[in-house]
Amino acid sequence: METLIPTINRLQEVFLTVGAEIIQLPQIVVVGSQSSGKSSVLESLVGRDFLPRGSGIVTRRPLVLQLINVAPLQERLKIESGVKAEEWGTFLHCKNQIFTDFQEIRREIEAETERGSGDNKGIGAEPIYLKIFSPKVLNLTLVDLPGITKVPVGDQPEDIEAQVQEMILSFISNPNSLILAVSPANSDLATSDALKLAREVDPDGRRTLLVVSKLDLMDAGTDALEVLLGRVIPIRLGIIGVVNRSQHDINTQKSLEDSLKDEQAFLQRHYPSLASRAGSRYLAKTLSRLLMHHIRDCLPDLKTRVTVLSAQYQARLNSYGQPVEDHSATLLQIVTKFASDYCNTIEGTARYIQTSELCGGARICYIFHETFGRTLQSIDPLGGLTELDILTAIRNATGPRPALFVPEVSFELLVKRQIKRLEEPSLRCVELVHEELQRIIQHCSSFSTQELLRFPKLHDSIVEVVTGLLRKRLPITNEMVHNLVAIELAYINTKHPDFTDAGQVSASVNSQQAEALDGGKRWKNEKVAEEKTPAAGFGSPSKGQAINLLDTAVPVSRKLSAREQRDCEVIQRLIKCYFLIVRKSIQDSVPKTVMHFLVNFVKEHLQSELVGQLYKQPLLQELLIESQDTAQQRTEVAQMLEALKKANNIISEIRETHLW
């Protein structure tokens, strides 16, 4: 058990080197109002006069005081040649400097306070670490904090009260700390600021100990017996009364040993029933016992916390990578890894697979078969073609001669117009795939390749090279897709195996019309009427009618004759049939073209392009400059990891048998 407090002291030193407070170590925090006797209580525990004294706020920075029990000088000299002094102190900020004069320690505390907080009455949050080695002390770790004050004095800031309270709460809110609340006996406990703050963070009182100071300054005829017995405010860890040295004792340089004797005499006279459970010596023993038991209770959690943090910091250090030694090998490794990750993302074999949205090859597949496919399916084969448009095209194709049959030229003219509509969605498909290939760059740099975050210039260069390669392939792919549509327009293959014969379509339309006209009677009558009556606009004008040569050949809207309806129907069926053949071909060939000219080309040539553009001797040093943040974070994480390893070793030295 005796080794537990020195163990915590060693842990404290280890974590001080990295300036981190990630591990909350067990310690005793002294809290009290200004001039409530906190410093006097600490001095009585040490048995030496070493703390700055005076009126007003004297303690202006946290003082972490580690008391370490050592063997007397005579015994130590027999075993080892160490410090040739009975008692001595050391400061963390004064490396390898030993203070044997306790007046020197006081002056150093005052000087360090002024260095950190200035020479006014302001306070500072950075602690001063002091170790005192003595055969007269018990192993303890205490933190002396500035006293709670209400009104700013001198050139103190207006919010001095809030600053002090915030500092105190930052120490006592640590669940592994014990709170030593100091309250003077000549003031009402119900108004104690120290107890009020302690209650805020420790409402059950499991880690609060109350010290009632200045027992000798109570009004004549009153005593603190009720308070010390816990009848006024019960405190779970106990209430201990002490007698502080008066300012007169300090001025006359009365020794602490004499003060301790006088304290015992006072307690025997006024509180005989409590004399054995009060006083500075009893306080020191109680604190040491409480701290040891508290450390014993905290140790398993402490060990678990150190182990978990070690694993976390090791993972962080691995993510930052090692400092660059061989620039050529590092660059090649990063470029190769990026190219591999890029290709794997397209193939769907990447290590980091997104679950929130489609990415890489899966998204390209979606573009081909869902986006592009649906767009083509939504195009109406006869969209934008009215019957009058078709009739006009037929008439324009015959020229001045009346047509006996539906002219083939009109079919080609109209079907090309419809096929041309497939070009725009095909080019849009290329654009969407190009955008996805751009997105894969960001995906790889943020998810797959941690090294790229270390080298911002290399990251920018890789993005630039890949973007340039994609930009270079885009017009080539667009040209090929444009050619696919142009090829279909170049030759209308009416002998295509899937294309319906024009004669069959014409016969089918005729038979349907005949059935619709009751066995063809109405068709005959119309034919006779047509033969007898010349077509308007083409025969000789009748007498009395003026000739208007500006009349349009086909009115904007009129009822079509049976023959015109038949011709339109034939053309519509042929256009629809041929358009579906071409659409099927385009829907199949455009994704193949995009894959060959864009996706597969980039996959095959990405690495060689990156190496060719970036693997140049003059660029190596410039590209592999680490960001300052990464280098600094790696150093900090490495230091923290080293501290955690040391802490783990220190905790591991404690055998289970030592805990009981």
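Caption draft 1: Just the overall build of the protein, in detail. Per the secondary structure count, the protein includes 22 helices and nine strands. Put simply, the protein has 660 residues, and 45% of those count as buried. Residue pairs in contact within the protein that sit at least 24 positions apart in sequence constitute 82% of those at least 6 positions apart. Per element, the accessible surface of the protein, about 35,000 Å² overall, is 52% carbon and sulfur.

Caption draft 2: Focus on the sheet that holds strand β4 (residues 98-99). Taken in spatial order, the nine strands line up as β4-β3-β5-β2-β6-β1-β7-β8-β9 in an open sheet, and their pairing is mixed. Of all the strands in the sheet, just β4 and β9 (239-241) have a single pairing partner and so form its edges. Bridge analysis of strand β2 (residues 63-69) against strand β5 (residues 128-134) gives seven bridges, and the strand direction is parallel. The residue bridging Leu63 from the neighbouring strand is Ile128, located in β5. Each of β1 (27-32), β7 (177-184) and β8 (208-213) touches helix α6 (residues 193-201); the most contacted strand, β7, lies at about 155° to it.

Caption draft 3: Spatial organisation of the packing of helix α5 (residues 160-172) against α6. Contact pair α5 / α6: the axes reach a minimum separation of 10 Å and the direction vectors enclose 50°. Taken as axis vectors, α5 and α6 run oblique relative to one another. Note on packing geometry: the crossing formed by α5 with α6 is right-handed. Here Gln165, Ile168, Leu169 and Ile172 of α5 come into contact with α6, specifically with Leu197, Ala198, Glu200 and Val201. In terms of residue class, the contact of α5 with α6 is built from six nonpolar, one polar and one charged.

Caption draft 4: Fine view of helix α11 (residues 327-347). The terminal C-alpha atoms of α11, which comprises 21 residues, lie 30 Å apart, in line with the 30 Å expected from a rise of 1.5 Å per residue. Where α11 terminates, the next one or two residues include Gly348, which has phi positive at roughly 90°.

Caption draft 5: Up close: helix α12 (residues 361-377). Taking 1.5 Å per residue as the helical rise, α12 with its 17 residues ought to reach 24 Å, and the 23 Å between its terminal C-alpha atoms agrees with that figure. The largest bend along α12 measures about 35° and falls at Ile367. For α12, every residue scored as buried is listed here: Gly361, Ile364, Ile367, Phe368, Phe372, Gly373 and Leu376.

Caption draft 6: Quick peek at the packing of helix α2 (residues 38-46) against helix α10 (residues 280-320). Contact geometry for α2 and α10: axes closest at 9 Å, N-to-C directions at 80°. Taken together, the axis directions place α2 and α10 in an arrangement best described as roughly perpendicular. Of α10, the residues touching α2 (which contributes Val41, Ser44 and Leu45) are Ser280, Leu283, Ala284 and Leu287.

Caption draft 7: Structural view of the side chain of Asn174. Mapped onto the elements, Asn174 comes out in the loop between α5 and β7. Judged by relative accessible area, Asn174 falls into the buried class, the value being 7%. Within polar-contact distance, the side chain of Asn174 engages the backbone nitrogen of Asn176 at 2.8 Å. Once you skip the residues sitting within four places of it in the chain, Asn174 turns out to touch Gln24, Leu25, Gln27 and Arg207.

Caption draft 8: Just the packing of aromatic side chains, in detail. Per the counting criterion, the structure on display carries four aromatic pairs. Measuring from ring centre to ring centre gives 6.4 Å for Phe50 and Phe102, while their planes differ by 70°; the resulting arrangement is edge-to-face. Remark: Phe102 occurs in helix α4 (residues 102-117) and Phe50 occurs in the loop between α2 and β2; sequence separation between them is 52 residues. Judged by its relative accessible area of 0%, Phe50 falls in the buried class.

Caption draft 9: Examining the pattern of salt bridges more closely. Here the structure, examined in full by the defined rule, presents 16 salt bridges. Between Glu431 and Arg428 there is a salt bridge whose closest N-O contact spans 3.0 Å. With a gap of three residues between them, Glu431 and Arg428 both fall in helix α15 (residues 423-448), about one helical turn apart. Take Arg428: its relative accessible area is 39%, and that puts it in the partly exposed class. For the salt bridge of Glu609 with Lys472, the shortest nitrogen-to-oxygen distance reads 3.8 Å. Here Glu609, found in helix α20 (residues 562-614), pairs with Lys472, found in helix α17 (residues 456-490); they are 137 residues apart in sequence, far enough to count as distant. On the basis of relative accessible area, Lys472 is assigned to the partly exposed category, the value being 47%. Ionic contacts of the salt-bridge type, sharing partners, join the residues Arg363, Glu436 and Arg439 into one network.

What counts and what doesn't
Residues numbered from 1 in each chain as written. Predicted model: local features only at pLDDT ≥ 70, side-chain atom pairs only at ≥ 80, totals over all residues. Heavy atoms only, no water. Helix = DSSP H or I, 4+ residues; strand = E, 2+ residues; numbered from the N terminus. Buried < 20%, exposed > 50% of the residue type's maximum accessible area, 1.4 Å probe, protein only. Contact = heavy atoms within 4.5 Å. Areas by Shrake-Rupley, 256 points an atom, 1.4 Å probe, with all protein chains shown as cover. Pairing = 2+ DSSP bridges. Axes fitted to C-alpha atoms, helices over the stretch in contact; angles between N-to-C directions. Parallel < 35°, antiparallel > 145°, perpendicular 65-115°, else oblique. Left-handed = near helix turned anticlockwise from the far one by under 90°. Nonpolar A, V, L, I, M, F, W, Y, C, P; charged D, E, K, R; others polar. Expected span 1.5 Å × (residues − 1). Bend = angle between axes of the 7 residues up to and from the residue. Polar contact = N/O pair within 3.5 Å; in protein donor to acceptor, adjacent residues only side chain to side chain. Phe/Tyr/Trp six-rings, centres within 6.5 Å; stacked < 30°, edge-to-face > 60°. Salt bridge = Lys/Arg side-chain N within 4 Å of Asp/Glu carboxyl O.

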